[in-house]
Amino acid sequence: MWRTENGLGAYLRTMRNRTSRKASERVRLLLPLAFLAVSACAPTRPRVSPPRPGTSHVTSPSGAPKSGGVAFVAFDKAAFDRAAREGKLVLLDGAAEWCHWCHVMDAQTYADARVKAALEKGFVSARVDIDERPDIQERYADYGWPATILFDASGRELGAYRGYLPPDRLLAILDEAREPSRVAGSQENRVAVPRDGNGETTATELGRFEDELRLRMEGFYDEKEGGFGTFQKAPLGWNNAYLLRRARDPKIAEDARAKARERVTFTLDKQAKLIDPVWGGIYQYSDGATWESPHYEKLMTFQAPAIENYAELYALTKDPTALSRARALKGYITSHLRENDLFGATQDADLNAHESGKPYMTGHAFHALDDRGRRALGEPRVERRAYPRENGLAIAALVTYSECTGDRVAEAEALATAKKILATHQSRGGLAHEAANDPALFHLADAAMFGLALVRLYERTKDPTLLSGALLVRDALLRTMWDDEHGGFFTHTKDPAAVGVFQKRRMPLDENAFAARFFTRLARIDPKLRAWAFSDSDAMAMRQTVARTLFAVLTKENIEDRGRMLGEVLLAVAEARDLLSSEK
């Protein structure tokens, strides 16, 4: 841990020493070119709440809340201790408050008397709200939501099961888990594990890597419907952001720019079918191969990049339709998700999915109503807890919107939110996941995305408190989550109470991509605008951080795991390439 007066200390000295090494002494990133050339048309698991095959919001079982369901406990060391005392296994239900299929599983599966009896007999049943626990969300995103994971009392993972499980299916899983000879356990893999060794990547290597990653992402492009992938249509904002970057990049060939512009324009027009025509905001995804069967959850992780996409498309094309769509998205987050200058993270798909005794309505039925009809019934639940990750995304989106449209109100809203988070979420030198909280863990996603937003907003407003805040976030990341052995950032701080598989911290590619973008943006601030805050040598140390981070996380396994969702990685690679190319 780096504990110094200025927050960098030994870290800066280490990085300066690295800078002075001869090129021949550095360990260089070996690009897995043969791997990246593999066909990219194989299906990949979406990181969104999955439907049960053959069902949709229209045909699914009811998610109306029922009383007397499973009595879940907190997912912590006490749950494993209790399992050990009672000779039981641990079931983890990874659920989201906004998730339609989580409501269905509560109403149909966990209210089933046979399921309740089986769980009471052989399991300690724990539940995590995945928005409260970014560490669990990151680890099990490929399996939910909902996600069902089984452990023995030592914390060994026995199995992970994806999506809604009807009662009979869950009962079969529970029966199998009680027979050790039938449980293989989870297989070890190298996803979210840093590359062996300790090296740095270069601008030249990143240029080659960008080319290969771009070809891989393009392999998922859907010529018929736009977007990426055909098994499910999701508004993948970071993929679109990368296409928009290429569409305006003067350093690439004109035909390449034109191709990117054509594809992103087509995609953003097609995916506009997921924009709520009444309240604005974009739905999470659509079943199947078209954009016409939406799942109605609204998440800030989709709203913010979509705002940026449509605002940047307007700046590129001056198309008034793009501006209208950007305004509808921006208007939704400021009128429905924003309260007391802070943004909530999500809005539920269904009405009254948490209030037993109130009339329940599916998202499909509710969102078919006009404004008057909706307001007469109420509004689906909004998660009002303000998380730095989602607020960072919202701030960055408002900055882009302001830059592209000239809307100074959006800039003022972004500034108010940034200052409120800085005032309410700082704890023990880090950024707490919730306000006025002394957390057990601090999270990379919160720090990286909020830190990047602070830099973006500083560049726009020149408000010194924003750069000071960004440097505090940077220092906390280096002090508590940096892996000096390999490079890269762990997904959270050390957890002294961790059990079993959770004792080994993960290093996810997507979160490290945002961390790299944060450090890249800091290092690239105009020296005249940051001379009062940090020196040229500090900026060079941050370049080294970027080079080491990308060396650590750009592995074959991590890229394969991302599937079609490569936009944030490509943005990090392209921005880092530009940064390292500018070294003197």
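Quick note: structure is the one above.
Our subject in this report is the structure included herewith. Note that the structure is predicted; figures quoted are calculated from it, not measured. (Residues numbered from 1 in each chain as written. Predicted model: local features only at pLDDT ≥ 70, side-chain atom pairs only at ≥ 80, totals over all residues. Heavy atoms only, no water.)

Some details on the overall build of the chain
So, step 1. On a plain count of helices and strands, the chain comes out with 23 helices and 14 strands.
So, step 2. Out of the 584 residues in the chain, the part that is buried amounts to 60%.
So, step 3. Considering only intrachain contacts with a sequence separation of at least 6, the fraction spanning at least 24 residues in the chain is 75%.
So, step 4. About 22800 Å² of surface is accessible on the chain, with carbon and sulfur atoms providing 50% of the total. (Helix = DSSP H or I, 4+ residues; strand = E, 2+ residues; numbered from the N terminus. Buried < 20%, exposed > 50% of the residue type's maximum accessible area, 1.4 Å probe, protein only. Contact = heavy atoms within 4.5 Å. Areas by Shrake-Rupley, 256 points an atom, 1.4 Å probe, with all protein chains shown as cover.)

Details of the environment of F209
So, step 1. Positionally, F209 belongs in helix α8 (residues 203-218).
So, step 2. The exposure class assigned to F209 is buried, which follows from its relative accessible area of 0%.
So, step 3. Sequence spacing of F209 and V573 is 364 residues, and the spatial spacing of their C-alpha atoms is 7.8 Å.

Considering empty space enclosed by the protein
Where empty space is left can be seen by rolling a probe of water-molecule size over the atoms.
So, step 1. Following the criterion strictly, the structure yields one cavity of 30 Å³ or more and no others.
So, step 2. In this model, the largest cavity occupies a volume close to 50 Å³.
So, step 3. Lining the largest cavity are I130, D131, P134, Q137, Y387, R389, E390, H433, A445 and D446.
So, step 4. Those elements that place two or more of their residues in the lining of the largest cavity are α6 (134-140), α15 (388-405) and α17 (444-461).
So, step 5. Of the residues assigned to the lining of the largest cavity, the class counts are four nonpolar, two polar and four charged. (1 Å grid on protein atoms, 1.4 Å probe; cavity = no way out; pocket = protein on both sides within 12 Å on 5 of 7 lines; lining within 4 Å. Points joined across faces, edges and corners; volume = space filled by probe spheres on them. Nonpolar A, V, L, I, M, F, W, Y, C, P; charged D, E, K, R; others polar.)

A closer look at the sheet that holds strand β7 (residues 285-287)
So, step 1. With antiparallel pairing, the three strands of this open sheet are ordered in space as β6-β7-β8. Whereas interior strands pair on both sides, the edge strands pair on one side only; in this sheet they are β6 (232-233) and β8 (294-295).
So, step 2. Across two bridges, β6 lies against β7 in antiparallel orientation. From the neighbouring strand, K233 faces β7, where its bridge partner is S286. (Pairing = 2+ DSSP bridges.)

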